[in-house]
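Architecture and fold: a report
Listed below are the residues making up each chain.
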Amino acid sequence: MIPMIDLKKEFSDIRDDVLAVVSEILESSQYILGKKVSELETEIASYHGVSNAVGVASGTDALHLALASLGIGDGDEVITTPFTFFATVEAIVYRGARPVFVDIEHDTMNMDPGKIEARITKKTKAILPVHLFGLPADMTRIMTIAKEHNLRVIEDCAQAFGAALNGEKVGSFGDAGCFSFYPSKNLGAYGDGGMITVHARSIADIVKKLRNHGSAGAYKHEKIGFNSRLDELQAGILLIKLKRIDENNGKRRLKASLYRKLLSGDIITPVEKPGMDCVYHQFTIRSGKRDRIRGRLKDRDISSVIYYPIPLHMQEAVEFLGYQGGDFPVAEEAAEQVLSLPIYPDLEEAAIENIADIINNV
Ligand SMILES: *Cc1c(COP(=O)(O)O)cnc(C)c1O
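Residues numbered from 1 in each chain as written. Predicted model: local features only at pLDDT ≥ 70, side-chain atom pairs only at ≥ 80, totals over all residues. Heavy atoms only, no water.

Considering the layout of surface pockets
Note the threshold: Grid spacing is 1 Å over the protein atoms alone, the probe is 1.4 Å, and a cavity is where that probe fits but cannot get out, while a pocket is an open set with protein on both sides within 12 Å along at least five of seven lines and lining residues have an atom within 4 Å of a point. Grid points are joined across faces, edges and corners, and a volume is the space filled by probe spheres set on the points. Throughout, the ten residues Ala, Val, Leu, Ile, Met, Phe, Trp, Tyr, Cys and Pro are labelled nonpolar, Asp, Glu, Lys and Arg are labelled charged, and all others, Gly among them, are labelled polar.
Taken as a whole, the largest pocket encloses approximately 480 Å³ of empty space. When grouped by side-chain class, the residues that make up the lining of the largest pocket number 12 nonpolar, 11 polar and 4 charged. Empty space within the second largest pocket amounts to approximately 180 Å³. Taken together, Glu 105, Thr 108, Asn 110, Pro 136, Ala 137, Asp 138, Thr 140, Leu 165, Asn 166, Lys 273, Pro 274 and Met 276 make up the full set of residues lining the second largest pocket. Split by residue class, the lining of the second largest pocket holds 5 nonpolar, 4 polar and 3 charged.

Written out as structure tokens, the structure is:
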């Protein structure tokens, strides 16, 4: 049996450190917004080369509060990709804003910057690119378009902690970078959690209020906010895992290059363009024989997942946006061909050889 990810093995490597920090936090009786959260915020800000980071309850909340802190709300339009996890779009809808999709690039499967300008209207307030599967979106072109049209940029970095473009970490290009610490993400907690990286202190201060009932403290409430705090236990555990993230992302890169070397030429493997530092949250191949490949892997007890089978413009929940099948053909074709294979830092080479053999035989 080969799983998509092996969190048990990862835990066994850091068990003593994790149990020690959990015990320390439980003894301290400071469970919400204490020292560990502040320490993690400082470390994550400096890791990304930004001045501020604010811990929140999830990646979805990171997106939601980032949009709110930048003043995006009722009637505004936010340009994004239809090929991502649903939360990207939910966050926009939470704000009363309208998600406006642009199709993806065939090779990177990220938002196609060449298609953004045609969708900009008087109501457009922001662009929300996603660094899907750990592969950076084309931030150089997206930032140029945003500057020209005076738009905000919120990066969805949920799948891309540690990824970089031309030496700069994703999450440091736009007005805000939004991260998820969902357990299966590259930097995963043992529960839910999220973080927003931001350059502007003023925006970070707004997020800090929004996550805590609109209050900076002392029961003085300046805004209607939310309960969206990262807890001390998760922050303490994440501080331990943060020390190993670069090493683990490096191991994922090695697994990805082995897959690439072993898989036959008929299989489309993830691109890596010059200047890109990808972190392989997923190793997603493409093939017209996707379903047969998936079946063969399943017969041998090897996991694989279709991320994502239905592009967001075709999801029932957002029917009210008025899109239909055929609107974004590149995303729709991707949804029919993609298959994500097992990848995690300690995935064995023999497993990759085995998986590649099965796929090549199909
Ligand atoms: C995981 C994920 C999110 C949401 O993160 P949660 O922590 O689960 O709320 C948002 N966007 C993308 C692209 C994701 O993969």
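A look at the nonpolar core
Where we set the bar: Take the buried Ala, Val, Leu, Ile, Met, Phe, Trp, Tyr and Cys residues and link them wherever side-chain atoms come within 4.5 Å; each set so joined is a nonpolar core. Classification of residues uses two cut-offs on accessible area relative to the type maximum, computed with a 1.4 Å probe and protein chains only: under 20% is buried, over 50% is exposed, and between them is partly exposed. Strands are runs of DSSP state E lasting at least two residues, helices are runs of H or I lasting at least four, and both sets are numbered from the N terminus onward. Pairs of residues are marked as contacts when any of their non-hydrogen atoms sit within 4.5 Å.
Membership of the largest hydrophobic core comes to 63 residues, with the highest contact counts inside it found for Phe 83, Phe 283, Leu 297, Leu 341 and Ile 359. For this core, the secondary-structure elements that each account for two or more residues are β3 (98–101), α5 (139–148), α8 (245–262), β13 (283–286), α9 (290–299), α10 (329–337), β14 (338–341) and α11 (349–361). With sequence-adjacent residues up to four places away left out, Phe 283 is seen in contact with Ala 256, Tyr 259, Arg 260, Leu 263, Thr 269, Pro 270, Leu 339, Ser 340, Leu 341 and Ile 343. Counting 25 residues, the second-largest nonpolar core is a separate cluster that includes Leu 67, Val 78, Ala 97 and Ile 196.

Let's talk about the packing of aromatic side chains
Two aromatic rings are characterised by how far apart their centres lie and by the angle between their planes. The criterion, for reference: Centres within 6.5 Å make a pair out of two Phe, Tyr or Trp rings, where for Trp the six-membered ring is used; the pair is then stacked when the planes are under 30 degrees apart, edge-to-face when over 60, and tilted otherwise.
One pass over the full model with this rule turns up 11 aromatic pairs. Measuring from ring centre to ring centre gives 4.7 Å for Tyr 259 and Phe 283, while their planes differ by 15°; the resulting arrangement is stacked. Taken together, the residues span a long stretch of sequence, with Tyr 259 in helix α8 and Phe 283 in strand β13 at a distance of 24 residues. An identical accessibility class is assigned to Tyr 259 and Phe 283; each is buried. Aromatic pair Tyr 280 and Phe 283: ring centres 6.0 Å apart, planes at 35°, arrangement tilted. A relative accessible area of 0% means that Phe 283 is categorised as buried. Taken together, the ring pairs in this structure connect Phe 83, Phe 85, Tyr 307 and Tyr 308 into an aromatic cluster.

Topic: the sheet that holds strand β6 (residues 164–165)
Convention followed: Strand pairing is defined by DSSP finding a minimum of two bridges between the two strands.
The sheet built from 3 strands is open, its strands ordered β7-β6-β12 with antiparallel pairing. The sheet is open, and its two borders are formed by β7 (168–169) and β12 (276–277), each paired with just one other strand.

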